[in-house]
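Letter by letter, the chains look like this.
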Amino acid sequence: MHGVELSMENISVAYNGDITVLKEVALRAKPGEVTGIIGPNGAGKSTVLKTIFGLLSTKTGAITMGGRDITNLKAFQRALEGVSFVPQNRSAFAGLSVYDNLLLGCWPFRKDKARIERAIDGIFERFPILKEKRSTLAGSMSGGQQRFLEIARALVTEPKVILLDEPTAMIAPKISKDIYALTRDLADQGATIILVDQNVRQCATISDRLYILELGRNKAEGTREDFATDGQLKEMVAEWMNYKIDV
Amino acid sequence: MNELLLQGLVNGIVVGLIYALIGVSLNVIFGVLRVVNFAHGEFIVLGAYGAYFAQAWLGLSPLLAMPLIFVVFGMMGYGLYFVLVKRLARSNDPEHASLLVMFGLSLVLGALMLLAFEADARSLNFTLDPPFLMFGNIILPTTKLLGLAVAVVVTGALAFFLYRTLPGKALRAIIMNRDAIQIVGVDLNHLSALTFGLGLGLAGITGILVSMIFPSFSPFIGQDYTLIGFIVIVLGGLGHPIGAVAGGILFGLAEQTAMVFFSGTVAMLLGFVLLIAVILIRPAGLFGVQNSR
């Protein structure tokens with residue numbers, strides 16, 4: 001995994017032109033790190049990821065990836081540039097097999113058959129359960145297995161930036177643990193990961209840097225150590241999220 | 001009586017496959033774009049006129065005209081997507097918005113064809129030697145057999161495209177989960193435009209087959225084909241491309257075998273009774289599934 005730095009500066013986003021959901025949000029995610037975004041419901045956490053991926057257009061500000069401005073690129077172009085997105089809602093194609101789902105993940109390099117074969121073999125090595133179920137229809141698998149398939153499909157392109165939106169929502173605790181371990185492992189291998197999670201405890205545990213959003217604005221940011229040692233930050237999280245971050 | 005019934009069954013399969021093609025192209029457009037193409041029948045009739053004029057002006061046989069019409073109609077569909085369909089597909093209620101707009105387009109196309117080609121019914125000057133083949137006591141016009149073969153090849157090619165190629169799988173993936181397709185890096189606009197082009201290309205080919213198999217065509221019959229297309233896709237399952245094949249054959253068999261015993265009007269009526277029965281027993285159609293969109 002070769003991650004690159006992704007940064008958002010002064011990003012504002014509005015639905016239908018006038019309902020502002022993000023106001024001058026700034027964020028920086030570095031390679032080899034998990035950047036966690038936490039905040040109460042309606043804070044705009046998922047909106048940040050959708051904006052980074054290009055599913056929502058910006059009113060102001062700039063998004064750069066590896067120093068390159070990607071603000072005006074469409075979603076599919078950002079995918080081609082190396083941004084992968086695992087949305088909160090189910091995104092596996094239920095009527096296609098596991099293999100075909102992964103094959104569609106290879107769309108950015110669809111003409112390179114050798115690379116497709118290598119990429120899918122690599123995924124099967126990392127996720128043996130998917131190899132076992134390669135011919136199974138995605139829709140017939142359990143929620144946890146589908147989530148692994150969605151993450152695997154996001155990894156098949158060896159992305160530079162990985163966006164994970166509530167990857168463990170509605171997933172059994174054991175599988176959630178595996179997903180967090182995988183997330184940390186990917187970052188340790190050099191990937192740039194931005195994680196949105198309602199589970200503050202887990203998000204704070206695996207993130208290197210945390211951003212707190214409130215009502216579509218940056219409320220606080222810092223490294224995990226900052227949140228564990230800075231009394232003010234620690235109190236803020238404890239008050240809002242009912243959780244104390246410790247080193 | 002048995003021979004008549006057998007004749008009706010054979011006719012049912014031939015006509016049913018043509019109906020299936022109408023339904024498949026309509027269903028691909030509906031499944032991917034959620035656009036109700038109420039002008040589909042008019043594009044089919046335009047395909048028939050295309051074959052007629054390709055023969056009259058270029059001396060092309062209907063078979064040779066097929067690839068040409070497919071490409072021309074495909075390009076027309078690709079362009080029309082950006083001019084008209086894109087807005088409809090993106091609207092809050094694409095089904096209702098497109099139903100109204102496409103119904104308007106259907107009227108406009110029907111009126112333009114009437115102006116350009118006049119009201120007279122026309123037919124292709126296309127016969128094969130021998131004109132009939134006998135299988136026992138069953139008589140089959142060779143043009144119908146050729147039409148059957150072409151319909152099988154076109155349906156097979158479409159099934160191959162949808163189930164064996166990556167763009168075809170992407171197209172089916174849009175039907176399953178439109179929001180998720182962009183995540184894998186697919187240009188939704190480009191693929192949607194290709195889909196509309198594919199749908200109109202198939203409509204053009206179907207028009208040629210219609211002109212080969214049925215006695216005549218005129219600017220007035222477009223809405224009949226649209227209606228048949230919708231019956232077929234409701235029978236097979238909305239948005240399910242291959243379900244339309246089953247729906248088409250079923251409707252063709254019901255209509256043509258009923259014609260053995262009853263008048264054409266009653267036979268058509270029985271087709272509708274079949275439709276109502278399927279809606280009552282299996283509202284999603286024979287192959288229909290709940291869509292995740």
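Residues numbered from 1 in each chain as written. Chains lettered and ligands numbered in written order. Predicted model: local features only at pLDDT ≥ 70, side-chain atom pairs only at ≥ 80, totals over all residues. Heavy atoms only, no water.

Topic: the sheet that holds strand 8 (residues 192-196) of chain A
Residue and element names in this part refer to chain A. Across the sheet, six strands lie side by side as 6-7-8-3-9-10; this open sheet has mixed pairing. What marks the edges here is a single partner per strand, and that holds for strand 6 (83-86) and strand 10 (217-223). Averaged over all pairs of adjacent strands, the angle between strand axes in this sheet comes to 15°, irrespective of strand direction. Alignment of strand 6 against strand 7 (residues 161-165), held across four bridges, turns out to be parallel. From the neighbouring strand, Phe-85 faces strand 7, where its bridge partner is Leu-163. Sheet strands touched by helix 6 (residues 143-155): strand 6 and strand 7. Its angle to strand 6, the strand with the most contacts, is close to 175°. (Pairing = 2+ DSSP bridges. Helix = DSSP H or I, 4+ residues; strand = E, 2+ residues; numbered from the N terminus. Axes fitted to C-alpha atoms, helices over the stretch in contact; angles between N-to-C directions. Contact = heavy atoms within 4.5 Å.)

Describing the domain arrangement of chain A
Residue and element names in this part refer to chain A. Each domain of chain A was delimited in the assignment, giving domain 1 (1-82 + 162-229) and domain 2 (92-158). The centre of domain 1, based on its C-alpha atoms, is set 24 Å off from the matching centre of domain 2. Between domain 1 and domain 2, the residue contacts involve 14 residues of the former and nine residues of the latter. At the surface where domain 1 touches domain 2, the tally comes to one salt bridge. Among the salt bridges present, the one from Arg-126 reaches Asp-185, with a minimum N-O distance of 3.7 Å. Considering every element that reaches the side of domain 1 that touches domain 2, the biggest residue donor is helix 7 (residues 173-188), with six residues. For the side of domain 1 that touches domain 2, the class distribution of residues is nine nonpolar, one polar and four charged. (Domains from an automatic or database assignment. Salt bridge = Lys/Arg side-chain N within 4 Å of Asp/Glu carboxyl O. Nonpolar A, V, L, I, M, F, W, Y, C, P; charged D, E, K, R; others polar.)

As for the interface of chain A and chain B
Contact residues are listed per partner, giving 23 residues for chain A and 16 residues for chain B. When the buried surface of chain A facing chain B is broken down by residue, Phe76(A), Phe93(A) and Trp107(A) rank first, second and third, together holding 37% of it. Linking chain A with chain B are one salt bridge, by the criterion used here. Between Asp100(A) and Lys169(B) there is a salt bridge whose closest N-O contact spans 2.9 Å. For the interface between chain A and chain B, the tally reads two residue pairs in polar contact (both at pLDDT 80 or more). Secondary structure elements with two or more residues in the side of chain A that touches chain B: helix 2 (75-81) and helix 3 (98-105) of chain A. A per-class count over the side of chain A that touches chain B returns 16 nonpolar, three polar and four charged. (Buried area = accessible area lost by both parts, 1.4 Å probe. Polar contact = N/O pair within 3.5 Å; in protein donor to acceptor, adjacent residues only side chain to side chain.)

Some words on the packing of helix 3 (residues 62-90) of chain B against helix 4 (residues 94-117) of chain B
Residue and element names in this part refer to chain B. At a closest axis distance of 8 Å, the pairing of helix 3 and helix 4 adopts a crossing angle of 145°. Listed contacts from helix 4 to Leu-80, Leu-84, Val-85, Leu-88 and Ala-89 of helix 3 are Pro-94, Ala-97, Ser-98, Val-101, Met-102 and Leu-105. Looking at the contact of helix 3 with helix 4 residue by residue, the classes come out as 10 nonpolar, one polar and no charged.

Considerations on the sheet that holds strand 4 (residues 60-65) of chain A
Residue and element names in this part refer to chain A. Within the open sheet, the four strands sit side by side as 2-1-4-5. Their pairing is antiparallel. Bordering the open sheet on either side are strand 2 (19-29) and strand 5 (68-69), each of which pairs with just one other strand. As paired strands, strand 1 (residues 6-15) and strand 4 are joined by five bridges and run antiparallel to one another. By the bridge assignment, Met-8 is partnered in strand 4 with Ile-63. Packed onto the sheet, helix 1 (residues 45-53) meets strand 1, strand 2 and strand 4 and runs at close to 110° relative to strand 1.

Looking at the pattern of salt bridges
Pairs may arise between side chains of opposite charge once their charged atoms sit close together. Residues and elements named next belong to chain A. Within the structure shown, the criterion is met by 11 salt bridges over all chains. With a shortest N-O distance of 3.5 Å, Asp-178 and Lys-174 are connected by a salt bridge. Of this pair, Asp-178 and Lys-174 are both found in helix 7, four residues apart, which corresponds to roughly one turn of the helix. You can call Asp-178 partly exposed: its relative accessible area is 33%. On the basis of relative accessible area, Lys-174 is assigned to the exposed category, the value being 60%. In this structure, Arg-184 and Asp-188 form a salt bridge, with 2.9 Å as the shortest nitrogen-oxygen distance. Note that Arg-184 and Asp-188 are positioned in helix 7 at a spacing of four residues, about one turn of the helix. Overlapping salt bridges, with partners in common, bring together Glu-5, Glu-9 and Arg-28 in one network. (Buried < 20%, exposed > 50% of the residue type's maximum accessible area, 1.4 Å probe, protein only.)

So, the environment of Leu233(A)
All names here are of chain A. Relative to the assigned elements, Leu-233 resides in helix 10 (residues 231-241). Overall, Leu-233 belongs to the buried group, its relative accessible area being 11%. Taking the C-alpha atoms as reference, Leu-233 lies 14 Å from Val-200; in sequence the two are 33 residues apart. If sequence neighbours within four positions are ignored, Leu-233 has contacts with Ala-220, Glu-221, Asp-226 and Phe-227.

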